[in-house]
Amino acid sequence: MSTTHFPVAIVGGGLGGLTAARVLHVNGIESVIFDLESGPEARTQGGMLDIHEENGQKALRAAGLHDDFLKIVHEGGQAMRLLGPDGTVHVSTEDEGDGDRPEVDRGDLRDLLLSSLPEGTVHWGSKVTGARPLGDGRHEVSFADGSVITSDLLIGADGAWSRIRPLLSDAKPAYTGISFVETDLHEADTRHPRSAAVVGGGFFIALGHGSGFLAHRETDGSLHVYTALKADEGWIDTIDFSDHIAAKAAVLSLFEGWNEDLRDLVADAETITPRRIHALPVGHRWNRVPGVTLLGDAAHVMSPFAGEGANLAMYDGAELALALAAHPGDPETALAAYEVALFPRSEASAAESAASLDTMFGENGLEQMAGFFTARPADR
């Protein structure tokens, strides 16, 4: 099979890879993306994201998409409620429309980025099986269908279990000690009104005894819930999640004594999916390797408890693209400049994420989080 050459190849069509391709395009640099999914509708993207002024929104401005982003913001999504295990409300704030972290549906944001790229930019159904250096900064990437491509610049944007990372680093994500069980309650206002009232219009947290519920009101009126708990890495394997009734019972057995309205976020759900939370070491970095770099979770996957994952991925993509545009014909200078800035900012966010995990699921997590949310912004 013949090998096709691409000057700039991005592996991974998540938010970071798409942002990189878009900002490159805006600056007159064409790229291609290889994504393992069969197409843009292959799976539900799901989940709400708060897009931060200092990074995610900067990336959207660099992409020329900030005005379009504002059109898909979830009005009311910045409301927040914090409850204890008994259902007592400790913090409740409304979305006044003046916050700098508006909420958006991940799928809507992905669609916005996808639609901004030239047709044919994304090569769907491209599952990477390996990558190797060819010398002089060029790399070869192999795919499950037997095809092979080469590139002058290879960008790994392929998430926590990146196939490109081994070109730069031996580090692998480690289990954080926290597992999620994700559930969805559809048409919440009509089918699950009590749960809808408990969660409210935006972001919701209930904490206690080293466990908790985190939830969002989504733009389609559903509730997306993350049941979080400290568990051994193998705990998920002890439950048959294809049997929804048994799986719900197993999860709820760990929440005995919790308020029934909180337990109903699992008991009444239409879907249930387990997920272990992994993270790369805080401060993960690598030595400069010609012709290849990483962004997003491929570079610095962390737990979600600082809310920075998607924002950093998009910012990484934009900053990398801007560095390449600023150094035409000199990609190594661009990559070096990008990584010099990447490492300290990702280390700071990873440290914040790890600290937030320890706080939220520690002995006094509820009290500490209540103090955090009620503090003046300048004191946070």
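Look a little higher up for the structure.
Residues numbered from 1 in each chain as written. Predicted model: local features only at pLDDT ≥ 70, side-chain atom pairs only at ≥ 80, totals over all residues. Heavy atoms only, no water.

## Quick notes on empty space enclosed by the protein
Here is step 1: In the structure shown here, the tally under the stated rule is two cavities of 30 Å³ or more.
Here is step 2: The computed volume of the largest cavity comes to approximately 50 Å³.
Here is step 3: Taken together, Leu280, Pro281, Gly283, His284, His300, Val301, Ser346, Glu347 and Ala350 form the lining of the largest cavity.
Here is step 4: Among the elements that take part in the lining of the largest cavity, helix 11 (residues 331-360) stands out by supplying three residues, more than any other.
Here is step 5: Taken together, the residues that form the lining of the largest cavity break down as four nonpolar, four polar and one charged.
Here is step 6: Space inside the second largest cavity adds up to approximately 30 Å³.
Here is step 7: What lines the second largest cavity is simply Ala21, His25, Ile29, Glu30, Ser31, Leu117, Pro118 and Thr121.
Here is step 8: The residue inventory of the lining of the second largest cavity, partitioned by class, reads four nonpolar, three polar and one charged. (1 Å grid on protein atoms, 1.4 Å probe; cavity = no way out; pocket = protein on both sides within 12 Å on 5 of 7 lines; lining within 4 Å. Points joined across faces, edges and corners; volume = space filled by probe spheres on them. Helix = DSSP H or I, 4+ residues; strand = E, 2+ residues; numbered from the N terminus. Nonpolar A, V, L, I, M, F, W, Y, C, P; charged D, E, K, R; others polar.)

## Concerning the sheet that holds strand 14 (residues 223-230)
Here is step 1: Spatial strand order, 5-4-12-13-14-11-15: seven strands in an open sheet with mixed pairing. The open sheet has two free edges, formed respectively by strand 5 (89-93) and strand 15 (271-279), since each of these has just one partner strand. When strand polarity is set aside, the average angle formed by the axes of neighbouring strands in this sheet is 15°.
Here is step 2: Where strand 4 (residues 80-83) meets strand 12 (residues 203-208), four bridges bridge the pair, whose relative direction is parallel. Paired with Leu82 across the strands is Ile205, a residue of strand 12.
Here is step 3: Where helix 7 (residues 244-252) meets the sheet, its contacts fall on strand 11 (174-185), strand 14 and strand 15, and the angle it forms with strand 15 comes to roughly 50°. (Pairing = 2+ DSSP bridges. Axes fitted to C-alpha atoms, helices over the stretch in contact; angles between N-to-C directions. Contact = heavy atoms within 4.5 Å.)

## Thoughts on the pattern of salt bridges
Here is step 1: Taken as a whole and judged by the stated rule, the model has 16 salt bridges.
Here is step 2: As a salt-bridge pair, Arg275 and Glu182 come within 2.8 Å of each other at their nearest N and O atoms. Taken together, the residues Arg275 in strand 15 and Glu182 in strand 11 connect sequence positions 93 residues apart.
Here is step 3: By relative accessible area, Arg275 is classed as partly exposed at 37%.
Here is step 4: Overall, the relative accessible area of 14% leaves Glu182 in the buried class.
Here is step 5: The partner of Arg345 in a salt bridge is Asp316, with the nearest N and O atoms 3.0 Å apart. Of this pair, Arg345 sits in helix 11 while Asp316 sits in helix 10 (residues 309-326); the two residues are 29 residues apart in sequence, bridging distant segments of the chain.
Here is step 6: A relative accessible area of 17% places Arg345 in the buried class.
Here is step 7: What you see here is one network of salt bridges that share partners, running through Arg288, Glu332 and Glu339. (Salt bridge = Lys/Arg side-chain N within 4 Å of Asp/Glu carboxyl O. Buried < 20%, exposed > 50% of the residue type's maximum accessible area, 1.4 Å probe, protein only.)

## Digging into helix 12 (residues 365-374)
Here is step 1: Here helix 12 has its buried residues at Gly365, Leu366, Met369, Ala370 and Phe373. Down the axis of helix 12, the buried side of the element spans an arc of 130°, and every buried residue falls inside it. In helix 12, the exposed residues that point more than 90 degrees away from the buried face are Glu367 and Thr374.
Here is step 2: Among the structural elements, strand 4, strand 5, strand 12 and helix 11 are those in contact with the buried residues of helix 12. (Arc of directions from axis to C-beta.)

## Quick look at the nonpolar core
Among soluble globular proteins, nonpolar side chains are generally buried collectively.
Here is step 1: With 58 residues, the main nonpolar core has Ile10, Phe69, Leu109 and Leu154 as its most contacted residues.
Here is step 2: Ranked by the residues each element gives to this core, the list is headed by helix 10, at seven residues.
Here is step 3: The next biggest cluster of nonpolar side chains, apart from the first, holds 30 residues, and it includes Ala188, Val199, Leu223 and Leu262. (Core = buried A, V, L, I, M, F, W, Y, C linked by side-chain atoms within 4.5 Å.)

## Focus: the packing of aromatic side chains
Here is step 1: A full pass over the atoms with the stated rule returns 10 aromatic pairs.
Here is step 2: On the numbers, 4.8 Å between centres and 90° between planes, the contact of Trp286 with Phe343 is edge-to-face. Remark: Phe343 occurs in helix 11 and Trp286 occurs in the loop between strand 15 and strand 16 (292-294); sequence separation between them is 57 residues.
Here is step 3: Since its relative accessible area comes to 7%, Trp286 is described here as buried.
Here is step 4: Put simply, the rings of Phe180, Tyr226, Phe305 and Phe361 touch in pairs and so form one group of aromatic residues. (Phe/Tyr/Trp six-rings, centres within 6.5 Å; stacked < 30°, edge-to-face > 60°.)

## Concerning the pairing of strand 4
Within a regular strand, side chains alternate between the sheet's two faces.
Here is step 1: Of the two faces of strand 4, the one lined by Met80 and Leu82 and the one lined by Arg81 and Leu83 are each fully buried.
Here is step 2: One ladder, built from four bridges, connects strand 4 with strand 5; its direction is antiparallel. Each bridged residue has a counterpart across the sheet, and for Met80 the counterpart in strand 5 is Thr93.
Here is step 3: Linking two consecutive strands that pair antiparallel, namely strand 4 and strand 5, is a turn of five residues; a positive phi of about 90° is found at Gly87 within it.

Purely spatial values, then, with no claim about function.
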